[in-house]
Structures are given as C-alpha cells and as structure tokens.
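# Coordinate analysis (summary)
Next come the chains, spelled out residue by residue.
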Amino acid sequence: MKFSLALPAEAMSVPVIRRVLGDALRGLGVAEDCVDDILVAASEACTNVVRHSTTREYEVDGAIDDENCVLRVTDHGTGMGRRAPAGELAESGRGMDIMAALVDDLTLDAGPGGVSVALRKRLTWQDEALMRRLESELVHSAR
C-alpha cells in the first residue's frame, strides 16, 4: 500500500494524518502497539513542520508492506534553522529523540529544497491480519 497526502501546515492537519495512517495500519492488521509507535512518531514529525515550517503546505508519503511502514514527511520551505538542545526540564525540543526511540530508522535531510524526515518501523501483526491472509492466498494460488 502506498499513499501521498499534501496537508496544510496547520495544527488541524496532525489529527488528520493520525486518522488516515491509523485506519490504514489497523485495517491491514498491524498490532496495536506497533500502530501506536508509528502514530506518535508521525505526529511528532508533522508537529515539527506545523511549528517550524516556512511554507503553507507539507507532504506525507507512506509505503506499507508485509515487513515495514516507511513514512516521509517533507516541508519544502527553507528549513527549521538551528535549534537549541532540550534541557532536562524543557517542555519542547524532544521530538527527534522521541521519534528515534519509536522507530527502527530515522533520517533527517535538510537542504535548499526543504526538510525531510524519513521514518521506518518494522511491523508486527495481529494473528488474523489481512496482510497475512493475502500472503497465504498468494502462496496457495501459486501451487
């Protein structure tokens, strides 16, 4: 499954991506704890764009297969500039650390074309997942 969304760089876009992504993952049968990790990481990436973007719109591209969920959140603005490290008691500034703790791979690319955050999470599945049933049907029909 692949999808691409163009969203306004406004706070209301974060729950929209959570809903679309969460429904897709749950519909395929991804385990709930895995869905939760992906949604928190995606929310952090989108919130960074909303808070720091120099553009009015950003993109979320996703690919889900039987092993991984890969998301790319891209802001085509001039970048976020430098950010100070979060202090122990800071209430913000920990988004990248949170994302890194929840996914298997995190890549940040910043350049003249904007800022892009790529997240990859290895998927775990519910026992009766749609992806597993489809996989089984394909193996059976190939015999």
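Residues numbered from 1 in each chain as written. Predicted model: local features only at pLDDT ≥ 70, side-chain atom pairs only at ≥ 80, totals over all residues. Heavy atoms only, no water.

### As for the overall build of the chain
Selection criterion: Working definition: helices are DSSP H or I runs of at least four residues, strands are E runs of at least two. Numbering for both runs from the N terminus. Relative accessibility decides the category of a residue: with a 1.4 Å probe and only protein chains considered, values under 20% of the type maximum give buried, values over 50% give exposed, and everything between is partly exposed. Any two residues having at least one pair of non-hydrogen atoms within 4.5 Å are treated as being in contact. Here, Shrake-Rupley sampling with a 1.4 Å probe gives the accessible areas, and only protein chains in the shown set may cover a residue.
Counting its regular elements, the chain contains four helices and five strands. Listing the helices and strands of the chain from first to last along the sequence gives β-α-α-β-β-α-β-β-α. Taken across its 143 residues, the chain has 38% of its residues classed as buried. Look at the contacts in the chain between residues 6 or more apart in sequence, and 64% of them connect residues 24 or more apart. Element-wise, carbon and sulfur atoms account for 52% of the exposed surface of the chain, whose accessible area totals about 8600 Å².

### Observations concerning the side chain of Ser 13
Note the cut-off: Two N or O atoms count as a polar contact when they lie within 3.5 Å, although within protein this holds only if one can serve as hydrogen donor and the other as acceptor, and sequence-adjacent residues are included solely when both atoms are side-chain atoms.
Structurally, the position occupied by Ser 13 is in helix α1 (residues 13-28). For Ser 13, the side chain forms a polar contact with the side chain of Tyr 58, separated by 2.8 Å. Those residues in contact with Ser 13 that sit more than four places away from it in its chain are Leu 7, Pro 8, Val 50 and Tyr 58.

### What about the pattern of salt bridges?
So the rule is basically this: For this analysis, a salt bridge means a side-chain nitrogen from Lys or Arg found within 4 Å of a carboxyl oxygen belonging to Asp or Glu.
As enumerated under the stated definition, the model contains five salt bridges in all. A salt bridge links Lys 121 to Asp 37; the nearest nitrogen and oxygen atoms lie 3.1 Å apart. With Lys 121 in strand β5 (residues 114-122) and Asp 37 in helix α2 (residues 32-52), this residue pair connects regions lying 84 residues apart in the sequence. Since its relative accessible area comes to 13%, Lys 121 is described here as buried. Asp 109 is the partner of Arg 72 in a salt bridge, and the nearest nitrogen-oxygen pair spans 3.9 Å. Of this pair, Arg 72 sits in strand β3 (residues 68-75) while Asp 109 sits in strand β4 (residues 105-111), and the two are 37 residues apart along the sequence.

### Points about the sheet that holds strand β1 (residues 2-8)
Put simply, the rule reads: A strand pair is defined by DSSP finding two or more bridges across the two strands. Note on definitions: angles span 0 to 180 degrees between N-to-C directions of axes, and those axes are lines fitted to C-alpha atoms, for helices only across the stretch in contact.
Strand order in the open sheet formed by five strands is β1-β2-β3-β5-β4, and the pairing between neighbours is antiparallel. With one partner strand each, in any of the chains shown, β1 and β4 form the two edges of the open sheet. Within the sheet, the average angular offset between the axes of one strand and its neighbour, ignoring direction, is 15 degrees. Summarising the sheet, β4 and β5 pair through seven bridges and their orientation is antiparallel. Its bridge partner lying in β5, Asp 109 is registered against Ser 116. Set on the sheet, α2 makes contact with β2 (57-64), β3 and β5; between it and β5 the angle comes to about 175 degrees.

### Side note on the environment of Thr 55
In this fold, Thr 55 is placed in the loop between α2 and β2. The exposure class assigned to Thr 55 is partly exposed, which follows from its relative accessible area of 24%. For the pair Thr 55 and Thr 78, spaced 23 residues apart in sequence, the C-alpha separation works out to 8.1 Å. The contact partners of Thr 55, leaving out residues within four places of it in the chain, are Ala 9, Asp 75, His 76 and Gly 77. At 2.9 Å, the side chain of Thr 55 and the backbone oxygen of Glu 57 are in polar contact.

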